[in-house]
Amino acid sequence: MKNGEKKKTIGLVLEEAHSDFSKSIIHSVVHAMMNRKDLKLIVVPGRQDVDEVTVLSEDIVHRYKRMYNLIYKINGNIHFDGLIFTLPNYRPFQDDIFGNVPKVFVATTSDKEVTVNYNDEMGIREAIDYLVKIKGVTKICMIGGRDENADAQKRKSIFIKCLEDNGLIYNDLMYEKSDMSENSHAAAAKLLKNNPDAQAVFCVNDPTACGLYDVMRKKGLIPGKDIYVFGFDNASMAGNMVPPLASIGCEGVTLGQKALEMLLDMMSGKKVTSDVVPTRLFGRESFDYDMYDFSVKEMISVDSAFIYRFFDKCFYRYRNEVVDPKEINLRRLFYEIISRMLKAMKNRYMSEEQFEEIRRLIDILFDNRIMMYTDANRFVRSLTILQNSMNEIQKAVHIIPGNNRLFSYMKDKAIHAQALRRNIESRGYISGRNNMFDFLVSVTRYEEPGEGALNRLIENFDKLGFINCALYLYDEPYKCDFDSEITLPERLNLKCVIKGGEFYSIPKDRQSCLVENIFNRGELAATKKGYISYPLFYSDYLFGILVCGVTRELAETGEFITSQLGRAIYLNWIG
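Below is a summary of the structure that appears in this document.

Rules and cut-offs
Residues numbered from 1 in each chain as written. Predicted model: local features only at pLDDT ≥ 70, side-chain atom pairs only at ≥ 80, totals over all residues. Heavy atoms only, no water. Buried < 20%, exposed > 50% of the residue type's maximum accessible area, 1.4 Å probe, protein only. Helix = DSSP H or I, 4+ residues; strand = E, 2+ residues; numbered from the N terminus. Pairing = 2+ DSSP bridges. Axes fitted to C-alpha atoms, helices over the stretch in contact; angles between N-to-C directions. Parallel < 35°, antiparallel > 145°, perpendicular 65-115°, else oblique. Left-handed = near helix turned anticlockwise from the far one by under 90°. Contact = heavy atoms within 4.5 Å.

Attention now goes to the pairing of strand E3 (residues 82-86). Burial analysis of E3 places five of its five residues in the buried class, the great majority of the element. Burial along E3 is two-sided: Gly-82, Ile-84 and Thr-86 and Leu-83 and Phe-85, pointing in opposite directions, are all buried. As defined by bridge partners, strand E1 (residues 8-14) adjoins E3 across five bridges and the pair is classed as parallel. Residue Val-13 lies in a different strand from E3, and its bridge partner there is Phe-85. As defined by bridge partners, E3 adjoins strand E4 (residues 103-106) across three bridges and the pair is classed as parallel. Directly across from Phe-85, in E4, lies its bridge partner Phe-105.

In structure tokens:
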């Protein structure tokens, strides 16, 4: 970026931030922008809502989501140079809020907008063709999604077409719709009851498979052994399920990366049309599918293309990362490890010095968090395939113990890394829960509500455990009446910030600013990954907005934290 040149502001507008699909979009956009100093990212997460309300419980949920979605209106005051929308059930009014700027819509069906979608058929056809032609499966069922969800209906149509193309007859009992969440137990139970002879089940997305797993477990059925199961999106949750879930996902480029690429072209004045990204099936234990196409010749000749191809299939997420040139190139490091092991196999000799050097490189590989880009079961299975192939080439009499020790070392490191990650996640949840408990205890109101009680809450704001964030509040609580037009205040007060974990109170004479400038305050922590904002409200009262540095953990827990914070503000400010 040239001196004096202003950064371009990119908005990523979501219907939800905490779903695995949304987190993967955030992650891919963030990393695609990592080395772009001329760009700034602002994530705007809302809540998926429906317009039709029929019963009281749904009305309460609808009212909550309606309040939550005021975050769109607040951020509508920000000047965006370009916007990426992930709104599967696209509604034009949300487009109107953000004005006439270049926009790309992700996973959205609209003939009037520039969109980027999965090529759903590639992955679905690959899975069904393999089940029928290789596995000999004759009964495949599907747990689908909501009637109004365009992706769900598209995947259903492709599913039926693929069955028919493979000579299988489809009937309505082989399909059951769900709400596309982890709460798909009823749909899964009904599907299995109607199809006791089901050999495979396709789930419209990965969360839906969670409900199916639970129902199968109660019936004593094991995914991958009794019934093949595969999902869609290949989100991180797929590799963490037990057993790991096979899933269809992007091949080569992610939706977020493609959307950003298209948006930047639009912003530079280029003509851009809607596009799709290819998909493929990522096999795991629920549906074993690994097409390793390497030959004896490639291994003996230590072919670099073979090693890199093997890396790409093992660490499929790494290809979609934008790697800082200052960081270690893990793809190249892996090549060094495997190529030295293959050369030892070819020479039928490995010295102790060579063994120790390769093990040192393996330590560096895992110290640089290589397991972020795959799941342990998949990696261990891939290593086993390579190890068995190398041993077969060497024959029993010539097998080099060093290579097998190194394979075992890598497998142990992978399993340890997975256990460590889960332990860290568990400690993170416990720490977050304790932080929230300490905060709520500290701000429990024993005096009259008002300015004094609110100031005490602000003084204890750092107990929430944020690393980088800012608290903005209106001059007074804004009571929302959705029966009339909502006109939000034009100014907010920056009460405090946390930078690198350090708390800073903002003097009263420097607090006030226009809503359009909330992401430009000099007091905010600088962040490479951008900012994400959450509405602060309780009941019908909107208090302000929380602005945080983007983290994967915050995308998952941000709504819960801000809902508790909103309740605490209500009790201390209004009572």
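It is the contact of helix H12 (residues 304-314) with helix H13 (residues 330-347), at a shortest axis distance of 9 Å, that shows an interaxial angle of 125 degrees. By the angle between their axes, H12 is oblique relative to H13. In the packing of H12 onto H13, the handedness of the crossing is right-handed. Residues Ser-304, Phe-306, Ile-307, Tyr-308, Phe-310, Phe-311 and Asp-312 of H12 touch H13, and the partners they reach there are Leu-330, Arg-331, Arg-332, Phe-334, Tyr-335, Ile-338, Ser-339 and Leu-342.

Turning to helix H8 (residues 206-218), a few remarks are in order. Burial of H8 is extensive: ten of the 13 residues sit out of reach of the surface. Of all the positions in H8, only Asp-206, Pro-207, Thr-208, Ala-209, Cys-210, Gly-211, Leu-212, Tyr-213, Val-215 and Met-216 are classed as buried. On its buried side, H8 packs onto strand E6 (140-144), helix H7 (185-194), strand E8 (200-203), strand E9 (228-232), helix H9 (236-240) and strand E10 (246-250).

Moving on to the sheet that holds E10. The strand order E7-E6-E8-E9-E10-E12 describes an open sheet built from six strands, whose pairing is mixed. Of all strands in the sheet, those bounded by a partner on one side alone are strand E7 (175-177) and strand E12 (279-282). Across this sheet, the average inter-strand angle for adjacent strands is 20 degrees, counted without regard to direction. Relative to E8, E6 runs parallel, the two being bridged by four bridges. Bridge pairing links Cys-141 to Val-201 in E8. Against the sheet, H8 engages E6, E8, E9 and E10, with an angle of about 155 degrees to E9.

Treat this as a map of the structure, not an account of what it does.
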